[in-house]
Structures are given as structure tokens and as C-alpha cells.
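Below are the chains, spelled out letter by letter.
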Amino acid sequence: MLAVLAGAAACSKSGAGDSGSGSSGGSAGGTGKDAPAVTIQGDITFNDTNLAKLDAALKQALAGKDLSKVNEAMVVNVAVDYWNAGKIGFNKGVKDIGVKGVYQAPANGRLDQQLSIIQTLRGQGITGLSVSAIDPTAIKAPISSANKAGIPVLAIDSPLPKEDGAALYLGTPNYTAGQKAGEAMKQALGGKGQVVVLVGSLTTSNAVERIKGFEDALKGTDIKVVQKLSDGMDASKALTNAQTAIQTNPNVNGLYGVYSYDGPSAGQAVQAAGKSGKVKIISDDSDPQTLNFVKSGVIQATVLQQPYQQGYTGAYLLAAFKVLGVDATLKLVKPYLESDGTTLSSGVGLVTQANLSAYQAKLTELGIG
């Protein structure tokens, strides 16, 4: 969460879209004298141009078709600020296509809530479902049941095993996103230190892939990941984890926040401990508090996903799956897939102090914020 996001040019086939880049000073909170300046290269190039081409191709293929019975649903993994962009994108997508759609999010990020939402939506006659699965194992049966009923399923934010039956994954190449976070941490720490990972789940596939990418990026350095602390998608627990990590181990000089609220939790803990600029923070996602901490220098950089596009293009895909058929839709999607043949990247990026204003202008343009 997600979801994600890695060297954008590496994840995006064309590296196209709005862009901005720059370097960011890592000193924070007036503590620049206590820590060396850090230069981290920012990047907000996403996959917007490719996805716009795909959207246009799908819309053209749907032209003249009967869309009156299309009734889509987007179900995410938790009700947090991160997903507001996804909701806005989804609502705009269904409006532009001219179909019905509903967005749902479990308030507390609980698996039973998500499964109950899906069951309820099934009873309301949805014709397609995009889902950021909390648990890939638990979601397998609902996906299988949906497929048998002729309801196509699109995995967003967190990929699902092919055997689970989702038609496609639209989201962040999470391993690459983790690599980008790791590269940023290497720059922030100068290649030496001890890092604690803060994460909502140690088993969800997107988190597993991000942490793997993060750790692989640190290989060959003197940076060690000394702890991985799960907060069970509870922001208050994430704050406690961050506080405990830096209080009990004075050698910890880096925190990596994987879930959207983990960055703000890390920022609060570091700021309260008077260690801004001494303990470097690399986070994921664009939670408003995260961006405020980037602006003040408490967070050195945050790795970005494009939840807006997961909602917007997701709406087009669900309509096409139902009306054109999954096989015909995948033929249109094929030219835009990543090298794995199953991932449609929504784009990745990295925000620092230097390119924060450019990123915020991009959000305003999309109607977010």
C-alpha cells in the first residue's frame, strides 16, 4: 500500500508523463550541524502517457457497445488518505465511460470487513471487481466464486498469484519500488548504518516484495536491516514501534516506512525524540502528513505510487473485461505490460524537498487534495 515506487523510468515502458526532479538536502529541523547534508535525486515521472493511450484504446473498443448493465466495484484494503486519489480516479473513470460504479474501503483494514464488503457487493449485482487484497490466500475463494459467476476480477495495489484467478495486476512493480527506497536510504545514510522497517503486514505480497527490493538494494553496503516491525495496519501501533526502535537501539539511524501511515509515524517518533536529521526516514506514499514531513526535512524522501491511475484505468479495464471479454481486453493491454507479462504499471516516483512543489501541482491538476 498500498499501495507503491522504483526508478520510474525503469518501471514505466516509456518513462512518459509529467515529470520533475531535483536533489534534496537531508538535514532537518535545524539539525544540519549534527548530520551531513544528503543529496537524493527525486523523480515524479509516472506511466501516465502509456495509460492514457490504453484508456483511449479501451474507450474506442467500447464505443457503440451496450454499457447499461455494467456495474463495477473498487474495493481497497483500508480507509486511509492514500486511497482518496484512487477513489477520485475510479469515480472519474466510471463517469467518463458512462457506467455505474461503487468504491468501498474497510474502515479498520480488517480481512473480515473486506470479505464482507465483497460478499455484499456480489449480492448487489456487480459485474466486475478491482481489489487490493488484504490477504492473497483468503481472497482466492471469493475470486474463484466471482469468476464462476462471470464477474472478472482485477488485482490492484497488491499483486495476486496467477492461480488465484485475477485477470491482471494494475499497480506498482513493488520489488522495484522497494529498490528505489533502498537506493534512497543508501544515499541518506552514506552507505553505513542500522535500519528498522515499519510495515503494516509482513505477509501481504506487496509488502514482501518491497522489503525484498529494499534489502537487495542495500547489499554491498554497511547498512543492516536490524528489525522488521509489523503494526497490523494500526497507525498508533506503528508510532509505538518507531518510538521503541529508536529508544532501545541508539545505533538505529534509519527508518523505512512501507505503509502510507508508517512514514508519518516514523516522522512523529523521530521529531519527538529530537533526532530529526540524525535518524533518516525513507517512506512510501503521499499521505499529507508525509508530504509535510518531506517539506520540513524530517522525512528525506518518499517513494510514490499512482493510486489515481489504479482507480481510473481500473474502471476502464473492468468495463472492457465485462463487455469485450477478458481475452479481447488483454490483447489491447499486452503492448503496455511490464516484462513479466502480467503487470500493468501505474508508475512510480520519488518525492524530495526539491520536487515536492511539482508533485503537488500534479495532484491539483488531477483534482486531488
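Report follows, based on the coordinates. Note that the structure is a prediction, hence the values are computed from the model and not measured. (Residues numbered from 1 in each chain as written. Predicted model: local features only at pLDDT ≥ 70, side-chain atom pairs only at ≥ 80, totals over all residues. Heavy atoms only, no water.)

## Details of the pairing of strand β9 (residues 222-230)
Here's step 1: As defined by bridge partners, strand β8 (residues 192-199) adjoins β9 across 8 bridges and the pair is classed as parallel. When the sheet's bridge partners are listed, valine 195 is paired in β9 with valine 225.
Here's step 2: Read as a crossover between parallel neighbours, the route from β8 over helix α7 (residues 205-218) to β9 is right-handed. (Pairing = 2+ DSSP bridges. Helix = DSSP H or I, 4+ residues; strand = E, 2+ residues; numbered from the N terminus. Right-handed = clockwise from strand over helix to strand, strands pointing away.)

## Let's talk about the sheet that holds β9
Here's step 1: A sheet is described by the order of its strands in space; here 6 strands give the open sequence β9-β8-β10-β11-β12-β14, paired in mixed fashion. Here the strands that pair on one side only, and so sit at the sheet edges, are β9 and β14 (349-351). Neighbour-to-neighbour, the strand axes of the sheet open up by a mean angle of 20 degrees, direction not taken into account.
Here's step 2: Sheet strands in contact with α7 are β8, β9, β10 (252-257) and β11 (280-284), and its direction is about 165 degrees off that of β9. (Axes fitted to C-alpha atoms, helices over the stretch in contact; angles between N-to-C directions. Contact = heavy atoms within 4.5 Å.)

## Looking at the side chain of serine 130
Here's step 1: You can see serine 130 is positioned in strand β5 (residues 128-131).
Here's step 2: Serine 130 gets classed as buried once you look at its relative accessible area, which sits at 1%. (Buried < 20%, exposed > 50% of the residue type's maximum accessible area, 1.4 Å probe, protein only.)

## Focus: the environment of alanine 155
Here's step 1: As for its placement among the helices and strands, alanine 155 is situated in strand β6 (residues 153-156).
Here's step 2: With 155 residues separating them in the primary sequence, alanine 155 and glutamine 310 have C-alpha atoms 9.6 Å apart.
Here's step 3: Setting aside anything within four residues of it in sequence, one finds alanine 155 in contact with Val131, Leu160, Ala166, Leu168, Tyr169 and Leu170.

## Concerning the pairing of β5
Here's step 1: The alternating pattern of β5 places Gly128 and Ser130 and Leu129 and Val131 on opposite faces, both of which are buried.
Here's step 2: With 4 bridges joining them, strand β3 (residues 71-75) and β5 adopt parallel strand pairing. Bridge pairing in β5 places glutamate 72 opposite glycine 128.
Here's step 3: Bridge count for β5 against β6 is 3 bridges, and the pairing is parallel. Bridge pairing in β6 links valine 131 to alanine 155.
Here's step 4: Each parallel crossover has a hand, and for β5 linked through helix α5 (residues 140-148) to β6 it is right-handed.

## Re the pattern of salt bridges
For side chains bearing opposite charge, pairing can occur when the charged atoms are close.
Here's step 1: Counted under the stated rule, the structure contains 8 salt bridges.
Here's step 2: Linking aspartate 48 and lysine 362 is a salt bridge whose minimum nitrogen-to-oxygen distance equals 2.8 Å. With aspartate 48 in helix α2 (residues 48-62) and lysine 362 in helix α13 (residues 356-366), this residue pair connects regions lying 314 residues apart in the sequence.
Here's step 3: When its relative accessible area of 14% is taken as the criterion, aspartate 48 is described as buried.
Here's step 4: Measuring nitrogen to oxygen at the nearest pair gives 3.2 Å for the salt bridge that ties lysine 219 to aspartate 216.
Here's step 5: Taking relative accessible area as the criterion, lysine 219 reaches 58% and is therefore assigned exposed.
Here's step 6: Residue class for aspartate 216 comes out buried when judged on its relative accessible area of 19%.
Here's step 7: Because the salt bridges share partners, they merge into one network encompassing Lys212, Asp216 and Lys219. (Salt bridge = Lys/Arg side-chain N within 4 Å of Asp/Glu carboxyl O.)

## Some points on the packing of α2 against helix α11 (residues 307-323)
Here's step 1: Packing of α2 against α11 leaves a shortest axis separation of 10 Å and a crossing angle of 30 degrees. Considering the angle they form, α2 stands roughly parallel to α11. As α2 packs across α11, the resulting crossing turns out to be left-handed. For the pair α2 and α11, the contacting residues are Asp48, Leu51, Leu54, Asp55, Leu58, Lys59 and Leu62 in the first and Gln309, Tyr312, Thr313, Tyr316, Leu317, Ala319, Ala320 and Val323 in the second.
Here's step 2: For the contact of α2 with α11, the per-class residue count stands at 10 nonpolar, 2 polar and 3 charged. (Parallel < 35°, antiparallel > 145°, perpendicular 65-115°, else oblique. Left-handed = near helix turned anticlockwise from the far one by under 90°. Nonpolar A, V, L, I, M, F, W, Y, C, P; charged D, E, K, R; others polar.)

## A short note on unusual backbone geometry
Here's step 1: One non-glycine residue, aspartate 157, lies in positive phi territory at about 70 degrees.
Here's step 2: The class for aspartate 157 is buried, based on a relative accessible area of 0%.
Here's step 3: Unusually for a residue other than glycine, aspartate 285 sits at a positive phi of about 80 degrees.
Here's step 4: Along the chain, the position of aspartate 285 falls in the loop between β11 and α10 (288-296).

## A few points about the nonpolar core
Here's step 1: Judged by nonpolar contacts, the single largest core of 59 residues is most densely connected at Leu255, Leu317 and Leu344.
Here's step 2: The element that contributes the greatest number of residues to this core is α11, accounting for 9 residues.
Here's step 3: Excluding residues within four positions of it along the chain, leucine 255 makes contact with Met185, Val195, Val196, Ile246, Ala266, Val270, Val279, Lys280, Ile281 and Ile282.
Here's step 4: Membership of the second largest hydrophobic core comes to 26 residues, among which are Val199, Ala207, Phe214 and Tyr256. (Core = buried A, V, L, I, M, F, W, Y, C linked by side-chain atoms within 4.5 Å.)

Keep in mind these numbers describe shape, not what the thing actually does.
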